[in-house]
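# Summary of the model geometry
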Amino acid sequence: MLDENSEATVTFNGVSENGVAYEWDFGDQTNAMSGEMIGGTTQMSHTYTAAGAYDVRLTVFDREDNENTIKRRLIVGEADNPLAVISLKVDGNDVFDLSEPITVNRKSVIQFSAENSLNRDGTGRRLGYQWDFGDTQRSTQKTASHTYSDLSPLDPGYYEVILKVLDKNDLTKTSTMTVHVDVVGELPTLQAFTAVPQ
């Protein structure tokens, strides 16, 4: 959450088994920070000055300059409003990178959760929830399971899922978060084939 000075300082930690150098991109158009890893670890603090969703990337390099990148979305909220945070699982598996459309099929069970959302007092108390799954289906529960019966629309190519949270003490205080879900067709299955000699 932004403090009274409209700042939020976050400490990031990264661990790599073979990494010797790192580069942090904090997702807010500031300069990336790079350096050498000590004992395969890196720690960096960064201050955000505006509320929003930031895609933070950590890239690590080995001695041969091979690289690997991991990306996580960071949500910075305002003290004057609640903070909507979506977490989700697909068929029981956690999905961490919400910055790109999540690919599922029509058999996939998606569990959406707002349990990490916060009210203006920094707790999850007295929040209302409004889910819009982008396919005319809605929910007002903190967690909701959903399946899609149709493939993604051609335009824009995915379903837009919107979570809106509201402070029950002041319904004018709201916050939203959006993720995209791409529903694709299932690949055909092959049980067996036979070969008959001539």
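Residues numbered from 1 in each chain as written. Predicted model: local features only at pLDDT ≥ 70, side-chain atom pairs only at ≥ 80, totals over all residues. Heavy atoms only, no water.

Within the chain one finds 0 helices and 15 strands. The C-alpha atoms of the chain give a radius of gyration of 21 Å, which is well past the 16 Å a tight globule of 198 residues would have. A burial count over the chain gives 34% of its 198 residues as buried. Taking contacts inside the chain between residues at least 6 apart in sequence as the whole, the part at least 24 apart equals 60%. Total accessible area on the chain is roughly 12,400 Å²; 44% of this is exposed by carbon and sulfur atoms. (Helix = DSSP H or I, 4+ residues; strand = E, 2+ residues; numbered from the N terminus. Rg over C-alpha atoms; globule rule 2.2 N^0.38 Å. Buried < 20%, exposed > 50% of the residue type's maximum accessible area, 1.4 Å probe, protein only. Contact = heavy atoms within 4.5 Å. Areas by Shrake-Rupley, 256 points an atom, 1.4 Å probe, with all protein chains shown as cover.)

Before going further, it helps to examine the pattern of salt bridges. Per the stated rule, a full pass over the model turns up 6 salt bridges. Asp132 serves as the salt-bridge partner of Arg138, at 3.4 Å between the closest nitrogen and oxygen. (Salt bridge = Lys/Arg side-chain N within 4 Å of Asp/Glu carboxyl O.)

Time to look at the nonpolar core. Among the nonpolar cores identified, the biggest contains 24 residues, and Leu88, Phe112, Tyr148 and Val179 are the most heavily contacted of them. Those elements that provide at least two residues to this core are β7 (87–90), β9 (102–105), β10 (110–113), β11 (127–132), β14 (159–167) and β15 (170–184). Ranked by size, the runner-up nonpolar core spans 15 residues in total, among them Ala8, Tyr22, Leu58 and Val76. (Core = buried A, V, L, I, M, F, W, Y, C linked by side-chain atoms within 4.5 Å.)

Glancing now at the packing of aromatic side chains. Each aromatic ring pair is specified by the distance between its two centres and by the angle formed by the two planes. Here the structure, examined in full by the defined rule, presents 8 aromatic pairs. Aromatic pair Phe12 and Phe26: ring centres 5.5 Å apart, planes at 40 degrees, arrangement tilted. Of this pair, Phe12 sits in strand β1 (residues 8–15) while Phe26 is found in the loop between β2 (21–25) and β3 (33–36), placing the two residues 14 residues apart along the sequence. A residue is classified by how much of its surface remains accessible, and Phe12, at 12% relative accessible area, is buried. Ring centres of Phe112 and Phe133 lie 5.3 Å apart, and the angle between their planes is 40 degrees; this geometry places the pair in the tilted category. (Phe/Tyr/Trp six-rings, centres within 6.5 Å; stacked < 30°, edge-to-face > 60°.)

This part takes up unusual backbone geometry. Along the chain, Asp155 connects to Pro156 via a cis peptide bond; the corresponding omega equals 15 degrees. Here Pro156 shows up in the loop between β13 (143–146) and β14. At Asp91, a residue that is not glycine, the phi angle is positive and equals roughly 50 degrees. Examined against the element boundaries, Asp91 turns out to sit in the loop between β7 and β8 (93–95). The class for Asp91 is partly exposed, based on a relative accessible area of 47%. Located in the positive-phi region is Thr136, a residue other than glycine, with phi close to 80 degrees. When you line up the elements, Thr136 lands in the loop between β11 and β12 (138–139).

Bridge count between β11 and β14: 6 bridges; the pairing is antiparallel. Bridge pairing in β14 places Trp131 opposite Leu163. The hairpin formed by β14 and β15 contains 2 residues between the paired strands. (Pairing = 2+ DSSP bridges.)

Purely geometric numbers; function is a separate question.
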